[in-house]
Amino acid sequence: MAEADIGKIVSLIMENPDIVEKIKSIAKENNVISEEAPPQTKEDEKEAKEAVAAMAHEADSMRSKRRELLCALRPYVSEKRSKAIDSMMNIADILDMMKWR
């Protein structure tokens with residue numbers, strides 16, 4: 001498997017709004033993105049911001065642990081699988097950026 005140029009992949013995805021919408025719809029189907037009504041009161045808004053901050057912190061923690069595990073495994077796998085791990089981590093980063101866009 002040839003190593004993909006992540007920059008080209010990102011630019012192609014960002015230039016094609018249909019692909020972005022498909023990714024968003026897949027994420028919504030998998031409950032990654034929720035379409036809840038915006039908060040009505042200041043208290044609701046504050047609680048929502050705190051919840052989002054907590055979820056972001058938890059997601060960052062999980063992402064960090066996953067990255068550490070994959071990086072720790074790299075010396076013990078073949079070069080081909082090591083490159084695959086790098087590609088997967090880059091793609092996960094791209095999807096995370098698109099999710100919060």
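Predicted model, so just to flag it, every value in this text is computed and none were measured.

(A) Broad picture of a nonpolar patch on the surface. Judged by side-chain polarity, Leu 69, Leu 73, Tyr 76 and Val 77 come together as a nonpolar surface patch covering roughly 420 Å² of accessible area. Note on placement: Val 77 falls in the loop between α3 (42–73) and α4 (79–99). You can call Val 77 partly exposed: its relative accessible area is 32%.

(B) Structural view of the nonpolar core. If you look at the biggest cluster of nonpolar residues, it comprises five residues: Ile 6, Ile 13, Val 20, Ile 94 and Met 98. Listed by contribution, the elements that provide at least two residues to this core are α1 (6–15) and α4. Residues within four places of Ile 94 in sequence aside, it is in contact with Ile 6 and Val 10.

(C) Focus on the pattern of salt bridges. One pass over the structure, following the stated rule, counts three salt bridges. We note a salt bridge from Arg 67 to Asp 93, for which the minimum N-O separation is 2.6 Å. With Arg 67 in helix α3 and Asp 93 in helix α4, this residue pair connects regions lying 26 residues apart in the sequence. For Arg 67, a relative accessible area of 31% corresponds to the partly exposed category. Given a relative accessible area of 28%, Asp 93 falls into the partly exposed group.

Basis of the calculations
- Residues numbered from 1 in each chain as written.
- Predicted model: local features only at pLDDT ≥ 70, side-chain atom pairs only at ≥ 80, totals over all residues.
- Heavy atoms only, no water.
- Patch = residues over 30% accessible without salt bridge, like charges linked within 9 Å, V, L, I, M, F, W, Y side chains within 5 Å.
- Areas by Shrake-Rupley, 256 points an atom, 1.4 Å probe, with all protein chains shown as cover.
- Salt bridge = Lys/Arg side-chain N within 4 Å of Asp/Glu carboxyl O.
- Helix = DSSP H or I, 4+ residues; strand = E, 2+ residues; numbered from the N terminus.
- Buried < 20%, exposed > 50% of the residue type's maximum accessible area, 1.4 Å probe, protein only.
- Core = buried A, V, L, I, M, F, W, Y, C linked by side-chain atoms within 4.5 Å.
- Contact = heavy atoms within 4.5 Å.

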